2 protein chains.
Amino acid sequence: MPPIDIAKRVYDHSWKLDPIIRSLLDTDFYKLLMLQMIWELYPDVQATFSLVNRTRRVRIAEEIDEKELRDQLDHARSLRLSHKEMIWLAGNTFYGRSQIFKPDFLAWLKDFRLPEYELHREDGQYALEFSGSWAEVSMWEIPALAIVNELRSRSALRGMGRFALDVLYARAKAKLWNKVEMLKQLPDLRIADFGTRRRHSHLWQRWCVEALKEGLGESFVGSSNVLLAMGSDLEAIGTNAHELPMVVAALARNDDELREAPYRVLKDWEKLYSGNLLVVLPDTFGTTTFLRHAPEWVEDWTGFRPDSLPPIEGGEQIIAWWHSRGHDPRDKLIVFSDALDADTIVSTYKHFAGRTRMSFGWGTNLTNDFEGCAPEPLDGLQAISLVCKVTRVNGHPAVKLSDNPEKVTGDKTEIDRYLDIFGTAGRVRRAVLV
Amino acid sequence: MPPIDIAKRVYDHSWKLDPIIRSLLDTDFYKLLMLQMIWELYPDVQATFSLVNRTRRVRIAEEIDEKELRDQLDHARSLRLSHKEMIWLAGNTFYGRSQIFKPDFLAWLKDFRLPEYELHREDGQYALEFSGSWAEVSMWEIPALAIVNELRSRSALRGMGRFALDVLYARAKAKLWNKVEMLKQLPDLRIADFGTRRRHSHLWQRWCVEALKEGLGESFVGSSNVLLAMGSDLEAIGTNAHELPMVVAALARNDDELREAPYRVLKDWEKLYSGNLLVVLPDTFGTTTFLRHAPEWVEDWTGFRPDSLPPIEGGEQIIAWWHSRGHDPRDKLIVFSDALDADTIVSTYKHFAGRTRMSFGWGTNLTNDFEGCAPEPLDGLQAISLVCKVTRVNGHPAVKLSDNPEKVTGDKTEIDRYLDIFGTAGRVRRAVLV
C-alpha cells in the first residue's frame, strides 16, 4: 500500500472553495498598462462594466449556481497583491523597458482590491455589473470572465467519472499538441497566449502555456497572463483594448471631440509608453474610417492590431494604408488576435510572410478548445462569446461599433449618433463564434 | 507553495530499482491453469524456455542495458506469493468454479520462486534461457517477456522531457479511447485483456484495463492478468497455450505417439478442467490436420481458439468443421486472440454475428499501441514479436509448426520430421507483426 498523506486528504475534505482567481495578477497584462494610464490621466471618471453573453442560446444562469458565482466573486475581492508580486512588477523589464510602472502608481496598486459587484438573474443570464471609479471597475473584466467561464466548465464536468475526466484531458492535450506541431513548422513565428478570459480553467491555461513553451521554444514569445508570465518566466504580453477609445469617446463633449477621440486616446498612450507598446487598435468605431482620417503621426506607431475583420482582410487593409502613406510595411508590425486557431494562424502567416512583421495573440481556441474531447458531446464545454465591456461613463452610454455589426455594443440612440459621425465604411456582418 | 512530502521525495531519490514485476500473480491466468496440470501430470519433465525475438531488425541488446535486465530478472526471482494472494487463489471462483486449484497444488505454489536464468548477448540480441523442471521454468514466460518489453519502453522514453511524456500518454489514452468507442457499438461483445506479455508497462496495462472496464461495462469480461484481475475485481481469463502440445509431442517415443500428442494433451486437460475452460488451441502442428484427424470426443469441447490464421479464415474453418461433424456452431465458442485490433475485432464480430458464440482476447494492440503518440517517431516504442517458447524437453528439441510458417519454432531436422507426420495442409506464410 502506498503511504497516504493524511493531512492532505483531510485538507481536501474540508475545502469549502477551490478559488478560480488566486491572485490579482491572474489578469491580462494590458489591464495593468491601461490601468496606469487611467489612474494617471482619468482618475475621476466613473464607469460601469457589464457582462454580456453574445451567445444568447447558452443560458448561463441555468448552468451555474448563483451561490458559487458569488463565492468566487467574493473570493476575488478578498485578494491583494502580495509582496513578491509587487517586487516583480517594480523590478521586472516589460517590452524591454525597466520600471514601466511608476512608483506612485505601484504605491496605489499595492492596496488595490476589486470593488463591489451587482448581480441578478435576467432571462436565464446573469446581469453582472461593476460600477465605480473607472480604474477600479476596469480591473474586474478579466477575473469576472475567467470566473464565469471556469464555473461553466466545472458545471459541465460535474458528475463525470474520474476516468472520463482522464480521457477528456488526454484528448484535449493530444489536440493542442497537434496544433503545436502545425505551428512548429513556421520559421520565425511569434505567438503569445491571449487565452486568460475564455480559458477552460486556470490549471488548463497553465498546461497550455507550458505546452507552447515546450513545443514552440523561441517562437512562443509570452503570455498575456501576468501571473503565468511571472510563474513561468515568460514575457508578459499586451498593449491596450477597446475600453480606452470607448471611454474617451463617451467623455466627448461634442461631435468634434467624439470624432477626435480615437486619436486622442493614442496621444494619451504615447505619454506613457513607447516602442512595441505603440500598437493601434483601429476598429473601435470602424477601421476604414479610422485609417482614412488618421493624422500623420499615427503612421509612426509601431503597428496595428486588427481585431474584428478576418485576419487576411484586416492585414491587407492596414498594409495598403501604410503603402498609401509612403511607409514600408516590412518595418511595421501587425498583431493578429481575433478568433485565431492553428489553421488560421498558419494561413495568415503564410499569406503575409515577408511583407510585414507579424505576431499572433492566440486566445479562446488555445485555452478552451474541448470540441470532440468529452466522451459524450457536452454543450457546457463549448466556449461562448462572453465579454465584459464598459457600458456607461460618467452617466453616458459607452459605444463600440466594431468592423463587425455583430460585435456592436451600446445604447441604440447613441449607436446611431456614432454611426452618423464615423460612418459605416468597411463594416461587414459576420457570425461571432468566440 | 504546495506542501511537499519530504519522505516521499527522499524515498524516490534513493530508489535503486523500479521493479517491473512486483508479484508472481503479474502473469497470465493460463500459466496457473497449465501449471497445475504440469505439476500434477508431468512433474518430472525437464524443459528449457528461450526468449525469441522474431523482429530481428530490432537489436534488443543495443536498446537495453544488461545490468538493468539482470536487476529486473533478479528482482522477479525474489518474489513469492503473498498471504493475501494465496487466499484469493484458494477462495476465488474462476470460470464459475470454486476451488479450481487443489490444496496440494496451492501448498506447493506457496513456496514457489522463479528458477535461475542464463543470459548472454548474441549478435545484438539477448539469449535468455530458463532450464529446469517444466513446472518451474514455464512460469518465467510472462515475466521475462514483460520485463524485456518494459525495459525497451523505458529505454525509448529515457531523455524525454516531462512534458513530452505527458503528451505521449495523453495521445495514447485518446487513441485507446477511440478504439473503446468503436467497440462500444457492438452489442453483446465479449472481450478480455490479453496484453500482459507485450505491454508497454505494467502501469499502462492497468490504465488500459480500467479504460475497458469503464468504457465497455459488461462487454469487458476480464483480464488474463491475474494481478489485475485480483486488484480490479475482474474475471481472470485464459485456458491453455502451445507449450502443452509442444511438450507432450516432444515426449512422444515414436511417430504414432507424436501423431496422437495434440489429442492426448486435451485428454490430460479434461482430467482437471471443464466447461468454458475446454477450449482447443488447434494450430500447434497445423489446424487443418488437427481437425481432419480429431477423434469424436473433441467435438464435445466448448470451443476453439484459432491463433495463427487471420480470424475470419480461421473461424470459417472451425465452423465448417462443426457443421461437417453435425454440430450447431451457435452452441459453440470461438476465442479470437491473434494480432487483434479494434478494426479486426469489429469486422470479425460482424462477420460471425449470429453464427457462433465469440469472445476476443485483445493483446499487443491493446496494451502497447503507441504508434503516432511520440513527438518524434520512436522505434523503441514499437511493439515487437517477442516470444518465450519451450525449446527443449528432456533433452529433445520442441517444435511448433503453426498455421503460419513464419511462426515455426524448433530444430530444423525435427521440424522436417513433424512436417512429414502432420503434413502442410492449410499452412500459409504471412508476415508476423506482433
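Residues numbered from 1 in each chain as written. Chains lettered and ligands numbered in written order. Predicted model: local features only at pLDDT ≥ 70, side-chain atom pairs only at ≥ 80, totals over all residues. Heavy atoms only, no water.

Enquirer: Hey, could you run me through the UniProt feature "modified residue: Phosphohistidine" (unreviewed entry) in chain A in this one?
Expert: All names here are of chain A. The sites that carry the UniProt feature "modified residue: Phosphohistidine" (unreviewed entry) are, in the present numbering, H242. Structurally, H242 is set in the loop between α11 (226-231) and α12 (243-250). Relative accessible area serves as the criterion here: at 4%, H242 is assigned to the buried category. Beyond its immediate stretch of four places on either side in the chain, H242 contacts L281, D283, T284, D307, K389 and K400. (UniProt positions renumbered as here; feature names shortened; annotations may be inferred. Helix = DSSP H or I, 4+ residues; strand = E, 2+ residues; numbered from the N terminus. Buried < 20%, exposed > 50% of the residue type's maximum accessible area, 1.4 Å probe, protein only. Contact = heavy atoms within 4.5 Å.)

Enquirer: Hey, could you run me through the relation of the copies chain B and chain A in this one?
Expert: There are two copies of the chain, and a rotation about an axis plus a shift along that axis relates them. Rotating chain B by 180 degrees and translating it 0.0 Å along the rotation axis places it on chain A, where the RMSD comes to 0.0 Å. In short, the pair behaves as if placed about a two-fold rotation axis. Closest to the rotation axis within chain B is the C-alpha of B:A170, separated from it by 2.0 Å. Most of the interface of chain B is mirrored in chain A, where 100% of its interface residues are also at the interface. (Least-squares fit on C-alpha atoms with pLDDT ≥ 70 in both.)

Enquirer: In this structure, what is going on with the interface of chain B and chain A? I would like to understand it.
Expert: A common measure of how large an interface is: the accessible area buried when the components associate. Of the residues lining the interface, 18 residues belong to chain B; the matching set on chain A comes to 18 residues. Summed over both sides, the interface of chain B with chain A buries roughly 1600 Å², with 61% coming from carbon and sulfur. On the chain B side of the interface with chain A, the three residues burying the most area are B:F163, B:R171 and B:W177, jointly 36% of the side's total. In this structure, the connection of chain B to chain A is made through four salt bridges. (Buried area = accessible area lost by both parts, 1.4 Å probe. Salt bridge = Lys/Arg side-chain N within 4 Å of Asp/Glu carboxyl O.)

Enquirer: Would you explain a negative patch on the surface in this entry?
Expert: Residue and element names in this part refer to chain A. Side chains of E116, E118, E122 and E129 sit close together on the surface and give a patch of like negative charge. Residue position: E118 is located in strand β4 (residues 118-122). E118 gets classed as partly exposed once you look at its relative accessible area, which sits at 48%. (Patch = residues over 30% accessible without salt bridge, like charges linked within 9 Å, V, L, I, M, F, W, Y side chains within 5 Å. Areas by Shrake-Rupley, 256 points an atom, 1.4 Å probe, with all protein chains shown as cover. Lys, Arg positive; Asp, Glu negative; His and termini not counted. Charge placed at Lys NZ, Arg CZ, Asp CG, Glu CD.)

Enquirer: In this structure, what is going on with the sheet that holds strand β8 (residues 279-280) of chain A? I would like to understand it.
Expert: Sheet strands associate in pairs through backbone hydrogen bonding, adopting either a parallel or an antiparallel arrangement. Residue and element names in this part refer to chain A. As summarised here, the arrangement of the six strands in space is β7-β6-β11-β10-β9-β8, forming an open sheet in which the pairing is parallel. Of all strands in the sheet, those with a lone pairing partner are β7 (220-223) and β8, marking the two edges. Relative to β7, strand β6 (residues 191-193) runs parallel, the two being bridged by three bridges. Looking across to β7, one finds that A192 is bridged to G222. The strands touched by helix α10 (residues 202-216) within the sheet are β6, β7 and β11 (357-362), with β7 carrying the most contacts at an inclination of about 160 degrees. (Pairing = 2+ DSSP bridges. Axes fitted to C-alpha atoms, helices over the stretch in contact; angles between N-to-C directions.)

Enquirer: What is the right way to read the domain arrangement of chain A from this model?
Expert: All names here are of chain A. Taken domain by domain, chain A consists of domain 1 (6-160 + 383-397) and domain 2 (168-366). Opposite the 53 residues of domain 1 that make contact, domain 2 presents 42 residues. Joining domain 1 to domain 2, the criterion identifies four salt bridges. A salt bridge links E141 to R197; the nearest nitrogen and oxygen atoms lie 3.0 Å apart. Of all the secondary structure elements, the ones that give two or more residues to the side of domain 1 that touches domain 2 are α2 (29-41), α5 (83-91), β2 (93-94), α7 (134-138), α8 (141-157), β12 (386-393) and β13 (396-397). For the side of domain 1 that touches domain 2, the element with the highest residue contribution is α2, accounting for eleven residues. Split into classes, the residues belonging to the side of domain 1 that touches domain 2 amount to 32 nonpolar, ten polar and eleven charged. (Domains from an automatic or database assignment. Nonpolar A, V, L, I, M, F, W, Y, C, P; charged D, E, K, R; others polar.)

Enquirer: Quick question: what am I supposed to make of the pairing of strand β5 (residues 125-133) of chain B here?
Expert: Taken residue by residue, a regular strand's side chains alternate between the two faces of the sheet. Residues and elements named next belong to chain B. Burial of β5 is extensive: seven of the nine residues sit out of reach of the surface. Pairing analysis gives five bridges linking strand β1 (residues 46-53) to β5, with the strands arranged antiparallel. Pairing of T48 across the sheet is with S131, part of β5. As paired elements, strand β4 (residues 118-122) and β5 share five bridges and run antiparallel to each other. Looking at β5, one finds that R121 is bridged to Y126.

Enquirer: Honestly, the sheet that holds strand β12 (residues 386-393) of chain B in this entry has me stumped. Any pointers?
Expert: All names here are of chain B. Pairing is antiparallel across the open sheet formed by five strands, whose spatial order is β4-β5-β1-β12-β13. The two strands at the open ends of the sheet, each matched to only one other strand, are β4 and β13 (396-397). Across the face of the sheet, helix α8 (residues 141-157) comes into contact with β1, β5 and β12 while running at roughly 145 degrees to β12. The strands touched by helix α12 (residues 243-251) within the sheet are β1, β12 and β13, with β12 carrying the most contacts at an inclination of about 20 degrees.

Enquirer: Teacher, can you tell me more about the pattern of salt bridges here?
Expert: Proximity of charged atoms lets side chains of opposite charge pair with each other. Tallied over the entire structure, the rule returns 70 salt bridges over all chains. The closest approach of N and O atoms between A:E257 and A:R253, which form a salt bridge, is 2.6 Å. For A:E257, a relative accessible area of 26% gives the class partly exposed. We classify A:R253 as exposed; its relative accessible area is 70%. Measuring nitrogen to oxygen at the nearest pair gives 2.6 Å for the salt bridge that ties B:R22 to B:D18. Residue classification places B:R22 among the partly exposed positions, given a relative accessible area of 48%. What emerges from the salt-bridge pattern is a single network uniting A:D28, A:K31, A:E141, A:R197 and A:E243.

Enquirer: Please clarify how the packing of aromatic side chains should be interpreted in this entry.
Expert: Each aromatic ring pair is characterised by the separation of its centres together with the angle its planes make. A full pass over the atoms with the stated rule returns 58 aromatic pairs over all chains. Between A:Y42 and A:W134, the ring centres sit 5.6 Å apart and the planes meet at 65 degrees, which makes this aromatic pair edge-to-face. Highlighted residues: A:Y42 in the loop between α2 and β1 (46-53) and A:W134 in helix α7, separated in sequence by 92 residues. The two residues A:Y42 and A:W134 agree in class, both being buried. With centroids separated by 4.9 Å and ring planes inclined at 25 degrees, the aromatic side chains of B:F29 and B:F94 adopt a geometry described as stacked. On the criterion of sequence distance, the pair formed by B:F29 in helix α2 (residues 29-41) and B:F94 in strand β2 (residues 93-94) is long-range, its members being 65 residues apart. As far as the burial class goes, B:F29 and B:F94 line up, both buried. Counting every residue linked through ring pairs, the aromatic cluster contains A:F29, A:W39, A:W88, A:F94, A:Y95, A:F101, A:F105, A:W108 and A:F112. Sitting above the plane of the A:W297 ring, A:K267 keeps its charged end 4.1 Å from the centroid. (Phe/Tyr/Trp six-rings, centres within 6.5 Å; stacked < 30°, edge-to-face > 60°. Lys NZ or Arg CZ within 6 Å of the ring centre and 35° of its normal.)

Enquirer: When you look at the packing of helix α9 (residues 162-183) of chain B against helix α10 (residues 202-216) of chain B in this model, what are you seeing that I'm missing?
Expert: Any two packed helices are characterised by the angle at which their axes cross and by the distance between the axes. Residue and element names in this part refer to chain B. Running from N to C, α9 and α10 point in directions that differ by 35 degrees, and their axes come no closer than 10 Å. Both α9 and α10 take part in a crossing whose hand is right-handed. Between α9 and α10, the residues in contact are Y169, A172, K173, L176, W177, V180 and L183 and W204, W207, C208, A211, L212, E214, G215 and L216, respectively. Residue composition of the contact of α9 with α10, by class: twelve nonpolar, one polar and two charged. (Left-handed = near helix turned anticlockwise from the far one by under 90°.)

Enquirer: How should the nonpolar core be read in this particular structure?
Expert: What tends to happen in soluble globular proteins is that the nonpolar side chains get buried as a cluster. Residue and element names in this part refer to chain B. One finds L89, F101, L183 and W269 to be the most contacted residues of the largest nonpolar core, which totals 142 residues. The leading source of residues in this core is α2, at nine residues. Counting contributing residues per domain, this core is built from domain 1 (6-160 + 383-397) and domain 2 (168-366), each supplying no fewer than three. Setting aside anything within four residues of it in sequence, one finds L183 in contact with L189, I191, L216, A342, I345, V346 and W362. (Core = buried A, V, L, I, M, F, W, Y, C linked by side-chain atoms within 4.5 Å.)

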